[in-house]
Amino acid sequence: MTDLAATDALPRPKRDLLPVLLPAILALAMLPLIGSGSSWMTLTVASLAMGMMIFIMASGLTLVFGLMDVLNFGHGAFIAVGAYVATLVLLPLAPYVQADSLLTNLAVLAPAALAAMAVSGALGLVVERVLILPVYGQHLKQILMTTGGLIVAEQALYALWGPQIIPLPLPTSLRGSFIIGDVAIAKYRLLAMLVGLVVFCGIQLVLNRTKIGLLIRAGVENREMVEALGYRIRRLFLGVFMVGSGLAGLGGVMWALYREQVHASMGDDLTVLVFIVVIIGGLGSIGGCFIGALLVAMVANYGGFLVPKLALVSNILLMVAILMWRPRGLYAVTSR
Amino acid sequence: MILSGDPPRSRVLSILLVVIIAALAVTPLLFPGAKAMNVATKICIFAALVASYDLLLGYTGTVSFAHTMFYGIGSYSIAIALYSMGPNWAAVAVGVAAGLPLAMLLALAIGLFSLRVEAIFFAMITLAVASAFLVLASQLSWLTGGEDGRSFQLPELLRPGTILIPQDWFGFAVNGRVLTYYLIFIACAAMILALLRVVNSPFGRVLQAIRENRFRAEALGFRTVFHLTYANCLAALVAASAGMLNALWLRYAGPDTSLSFAIMLDILLMVVIGGMGTIYGAIVGAVIFILAQNYLQALMGAASNAAADAGLPLLPGLLHPDRWLLWLGLLFIASVYFFPTGVVGRLRNPSRKPA
Amino acid sequence: MTDLLTLAGVHTHVGRYHILHGVDFSVPEGQTTMLLGRNGAGKTSTLRTIMGLWQASAGQISLDGQRIEASATPDIARLGVGYVPESMAVFSDLTVKENLILAARDGPLDDARLEWIFGFFPALRRFWLSRAGALSGGQKQMLSIARAIVEPRKLLLIDEPTKGLAPAIVVALIECFAEIKRRGATILLVEQNFHAAQAIGDTVLVMDNGRIVHRGEMAALAGDFALQEKLLGLSLETHQ
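Residues numbered from 1 in each chain as written. Chains lettered and ligands numbered in written order. Predicted model: local features only at pLDDT ≥ 70, side-chain atom pairs only at ≥ 80, totals over all residues.

Q: What should I look at first to understand the overall build of chain B in this one?
A: Tallying secondary structure elements over chain B gives 17 helices and four strands in all. Taken over C-alpha atoms, the radius of gyration comes to 21 Å for chain B, in line with the 20 Å a tight globule of 355 residues would show. Summarising its shape, the C-alpha atoms of chain B cover approximately 65 × 55 × 45 Å along the three principal directions. Taken over 355 residues, chain B has a buried fraction of 48%. Pairs at least 24 apart in sequence give 71% of the contacts found in chain B among residues at least 6 apart. (Helix = DSSP H or I, 4+ residues; strand = E, 2+ residues; numbered from the N terminus. Rg over C-alpha atoms; globule rule 2.2 N^0.38 Å. Buried ≥ 20, exposed ≤ 12 C-beta atoms within 10 Å, placed from the backbone. Contact = placed C-beta atoms within 7 Å.)

In structure tokens:
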């Protein structure tokens with residue numbers, strides 16, 4: 001028993017750093033296997049860029065789950081909607097997209113991304129009110145309702161835009177690569193990494209430095225107590241849900257530009273990827289989600305290079321391996 | 001008792017079921033056309049498939065997105081065996097002997113792996129595994145035929161050309177196709193009755209106890225992971241068997257007919273519309289859904305054309321037969337919300353308000 | 001003396017279980033009211049129902065003349081109710097400071113009030129920037145109480161604060177409650193430890209099977225061993 005005159009030192013909380021180091025360890029371990037330093041560098045940059053994009057898409061999902069125990073199976077719809085909204089802005093402005101000026105390009109990309117986030121976020125409001133609120137606290141119905149929502153959203157995209165794949169070319173100034181020595185680094189990947197880092201840092205800053213962020217972290221741990229302190233957690237949750245949906249939309253735009261095409265079913269494939277990331281990271285953990293996204297992207301890129309056939313199931317293998325090690329993901333949120 | 005002491009418990013439902021079963025039993029005699037036969041077969045197979053899914057969703061409260069994977073394993077094992085060994089019964093036996101254990105082992109692995117935690121975890125993991133399996137099936141072309149799938153010949157006895165009872169005996173012909181149909185009909189009926197037995201056994205009661213309150217069931221000393229995994233394996237076995245029957249009927253197995261996510265959604269819809277946790281709901285749901293799918297889509301096409309002719313905006317796109325899923329999705333959400341007990345639940349408790 | 005909190009015929013169901021069977025009592029303003037009773041008598045459920053964490057299925061609850069039985073938890077809290085749950089429920093991922101920042105919902109932390117709190121809980125100052133999860137059980141309890149009083153509240157609902165704590169900490173807590181009362185707050189305190197209850201309480205309520213079975217002055221109950229035996233099943237060695 002500790003009494004009031006106890007020693008000044010608290011037991012230091014054990015820093016659980018191994019998961020943080022995992023991506024770096026994986027990257028270094030791959031270096032000898034890949035052999036060529038320049039290929040390794042290219043693959044690593046590709047992994048980081050892809051990982052950042054997946055993180056952007058997955059972050060909202062994991063936060064929403066952590067805060068309210070709500071898992072949105074329709075999360076992929078926000079991704080696809082974001083991508084389609086971006087085409088609405090970018091295709092009519094094609095001359096500016098094709099202009100060979102970074103400033104002009106960014107001047108059209110920024111509003112496209114903002115519009116995508118706004119529409120996805122607004123759709124998030126509707127989904128939360130119509131599909132999630134009525135069955136709040138009932139997991140089974142939640143899964144069914146949001147799955148239904150995914151179907152409806154995807155089919156509505158088909159009905160509005162047609163079943164064909166819409167090409168979405170990258171702006172001219174973002175094409176091509178920087179060549180440093182014998183290493184080629186695609187410009188767009190650099191941009192994707194930058195945006196991903198900004199989003200990650202932004203989320204961390206909000207979570208750690210603002211009262212809203214403190215409330216979210218406290219709510220992830222104990223919703224009831226947050227309410228007992230006088231905060232309306234439902235409203236907080238709605239806000240987080242909308243922001244998460246908006247981020248999924250942003251991720252959708254970035255992914256569409258990365259693939260240079262948009263398709264209504266893109267949400268399906270990405271949902272699976274995003275789920276794997278969220279599971280690996282530990283449901284509800286933003287840090288875990290970030291690491292999970294990097295790992296998934298690395299395994300896909302390195303695996304695709306070394307053993308192309310394996311790439312098909314590499315995600316599942318990674319998930320199995322991680323869950324064998326930690327059954328609740330890299331960073332399990334304490335209260336569940 | 002053949003119904004395992006769990007009768008339909010509603011006069012309308014009983015009549016409905018008798019009519020459905022009688023209609024399915026006489027379909028080859030009254031409607032020997034290809035379309036009617038295909039619809040009837042699909043109803044039989046899906047009734048069994050959906051009933052097995054109901055064992056999971058309705059009786060244990062776990063959502064699996066991997067049910068089509070097991071269905072696909074069944075389909076492909078028959079298809080690959082018959083494709084590579086030729087149209088003989090040995091190949092059918094090999095397909096069965098390979099497919100069922102494979103489905104069960106996979107179900108066992110997934111169950112032990114992910115049923116320990118929460119329902120939601122299981123749902124996500126099954127989705128991930130099923131999508132990986134779909135990718136595998138469409139990429140390993142040397143084995144599965146890739147996107148094209150595998151077509152094969154049936155053993156002599158089951159071919160349409162084989163006349164077992166000529167028309168002039170009783171006024172209708174019984175050929176290999178009709179025999180296949182009855183084979184499927186009986187197998188599916190047997191599987192549904194077996195499932196009815198399972199859910200009404202002590203084991204089934206434990207499953208329901210777990211669904212109601214997992215912690216209490218655990219506190220009472222039931223090893224919930226074991227029970228859930230067992231249910232998962234049973235469901236997988238039935239699903240794989242249904243897949244085998246499907247392959248036999250179609251003489252083909254491919255990603256679209258046996259593995260696609262769309263089939264998973266169809267199954268979900270049939271369970272919810274029919275009524276979760278009733279087994280009978282699977283039959284009702286399958287009938288409603290498949291009839292609607294086969295006959296309403298034509299109606300939608302007509303409506304879409306009419307809207308296009310009338311120059312209405314947007315409507316032609318929304319009513320296009322390919323947008324069938326859009327309306328199903330809406331129907332799905334509405335039924336989860338307004339009729340969580342489905343048709344069977346409604347017929348049993350007509351007075352109860354929707355939750 | 002006016003009553004700050006009044007419960008009249010309150011029933012609470014949790015799932016299929018009927019837990020409170022018509023609870024009636026009043027908490028006089030400015031006093032410390034002890035809520036005693038054996039395990040499972042419904043004490044924690046009563047506090048949770050007042051706080052709106054469980055909805056009362058029948059009956060009335062009024063706080064300062066305002067009906068609150070149908071209000072949501074945050075609204076009840078905003079009427080000036082502080083809650084210290086049995087589990088303490090400190091946000092273990094947040095630091096001591098962050099826990100208190102959240103608890104001070106009307107604005108920034110008030111330094112003078114913090115000093116007052118540090119006066120009886122010096123450990124909180126020492127571990128100001130440590131994660132709450134790393135605190136000892138007693139320190140968590142201090143933090144949980146500090147959270148409830150970091151801004152002035154009319155009514156404090158405190159659930160078994162001394163459970164499992166060392167005697168030295170119990171003494172500190174008793175002093176703290178006396179100090180809070182001196183500042184004018186009304187306290188409803190669930191307690192198993194009769195010694196502590198005796199030291200703090202003005203009035204006393206005893207619950208059994210989801211009902212109030214005794215209400216009176218603490219002093220009267222403290223002097224009547226037979227009544228204690230009957231109501232609380234306290235055996236003689238408790239008094240040694």
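After that view of the structure, there is still more to cover.
Q: How should the interface of chain B and chain A be read in this particular structure?
A: Accessible area lost on assembly of the parts is the figure often given for the size of an interface. Contact with chain B, which involves 34 residues of that partner, is made by 31 residues of chain A. Contributions of two or more residues to the side of chain B that touches chain A are made by α5 (119-139), α13 (261-274), α15 (315-319) and α16 (324-338) of chain B. For the side of chain B that touches chain A, the leading source of residues is α5(B), giving 13 residues. Its residues assigned to classes, the side of chain B that touches chain A shows 27 nonpolar, five polar and two charged. (Nonpolar A, V, L, I, M, F, W, Y, C, P; charged D, E, K, R; others polar.)

Q: Just checking my understanding: could you explain the arrangement of the chains for this structure?
A: When the two pairs of chains in contact are compared, the highest contact count belongs to chains A and B. Spatially, chain B is disjoint from chain C: no contact exists, and the shortest C-alpha separation is 11 Å.

Q: Teacher, can you tell me more about the pairing of strand β3 (residues 32-37) of chain C here?
A: Along any regular strand, the residues point their side chains to alternate faces of the sheet. All names here are of chain C. Most of β3 sits inside the fold, with six of its six residues counted as buried. Burial along β3 is two-sided: the face carrying Thr32, Met34 and Leu36 and the face carrying Thr33, Leu35 and Gly37 are both buried. Summarising the sheet, β3 and strand β8 (residues 186-190) pair through four bridges and their orientation is parallel. Bridged to Thr33 within β8 is Leu188. (Pairing = 2+ DSSP bridges.)

Q: What exactly am I supposed to notice about unusual backbone geometry here?
A: A negative phi holds for most residues other than glycine; trans holds for most peptide bonds. The backbone of A:Asp69 shows a phi angle near 65 degrees, a positive value even though the residue is not glycine. Within the secondary structure, A:Asp69 sits in the loop between α2 (37-68) and α3 (75-90). Overall, A:Asp69 belongs to the partly exposed group, with 19 C-beta atoms counted inside 10 Å. For B:Arg9, which is not a glycine, the phi torsion comes out positive at approximately 60 degrees.

Q: What is the right way to read the nonpolar core from this model?
A: In globular proteins that are soluble, nonpolar side chains generally tend to be buried together. One finds A:Ile54, A:Val296 and B:Ala47 to be the most contacted residues of the largest nonpolar core, which totals 306 residues. Residue contributions to this core peak at 20 residues, all from α2(A). Excluding residues within four positions of it along the chain, A:Ile54 makes contact with A:Leu273, A:Val274, A:Val277, A:Ala293, A:Val296 and A:Ala297. (Core = buried A, V, L, I, M, F, W, Y, C linked by C-beta atoms within 7 Å.)

Q: Just to check I follow, could you spell out the interface of chain A and chain C for this structure?
A: Facing 24 residues of chain A, the contacting portion of chain C comprises 34 residues. Breaking the side of chain A that touches chain C down by element, the ones donating at least two residues are α8 (211-221) and α9 (223-228) of chain A. Sort the elements by how many residues they give to the side of chain A that touches chain C and α8(A) lands first, with six residues. Here the side of chain A that touches chain C is built from residues that sort into 12 nonpolar, four polar and eight charged.

Q: Explain the packing of α2(A) against helix α12 (residues 286-306) of chain A here, please?
A: A pair of packed helices is captured by two measures, namely the crossing angle of their axes and the spacing between those axes. All names here are of chain A. Between α2 and α12, the least distance of the axes is 7 Å, while the angle of their chain directions is 140 degrees. The handedness of the crossing between α2 and α12 comes out as right-handed. Contact with α2, carried on its side by Leu43, Ala46, Ser47, Leu48, Met50, Gly51, Ile54, Phe55, Ala58, Ser59, Thr62 and Leu63, involves Ile286, Cys289, Phe290, Ala293, Leu294, Val296, Ala297, Met298, Ala300, Asn301, Tyr302 and Phe305 of α12 and no other residues of that element. Looking at the contact of α2 with α12 residue by residue, the classes come out as 19 nonpolar, five polar and no charged. (Axes fitted to C-alpha atoms, helices over the stretch in contact; angles between N-to-C directions. Left-handed = near helix turned anticlockwise from the far one by under 90°.)

Q: Where do I start with the sheet that holds β8(C) in this structure?
A: The pairing of strands in a sheet comes from backbone hydrogen bonds and takes either a parallel or an antiparallel form. All names here are of chain C. If you trace the six strands from one edge of the open sheet to the other, you get β6-β7-β8-β3-β9-β10, paired in mixed fashion. What marks the edges here is a single partner per strand, and that holds for β6 (81-84) and β10 (211-217). Ignoring strand direction, the axes of neighbouring strands in this sheet form an average angle of 15 degrees. With five bridges connecting them, strand β7 (residues 155-159) and β8 associate as parallel partners.

Q: Help me out: how do you make sense of the pairing of strand β9 (residues 203-208) of chain C in this one?
A: All names here are of chain C. Where β3 lies against β9, five bridges are found, and the strand directions are parallel. Residue pairing in the sheet places Met34 in a bridge with Val204 of β9. Sheet analysis places β9 next to β10, joined by six bridges and oriented antiparallel. Counterpart to Asp208 in the pairing with β10 is Arg211. In this structure, the hairpin formed by β9 and β10 is closed by a connection of two residues, where Asn209 is found at a positive phi of approximately 50 degrees.

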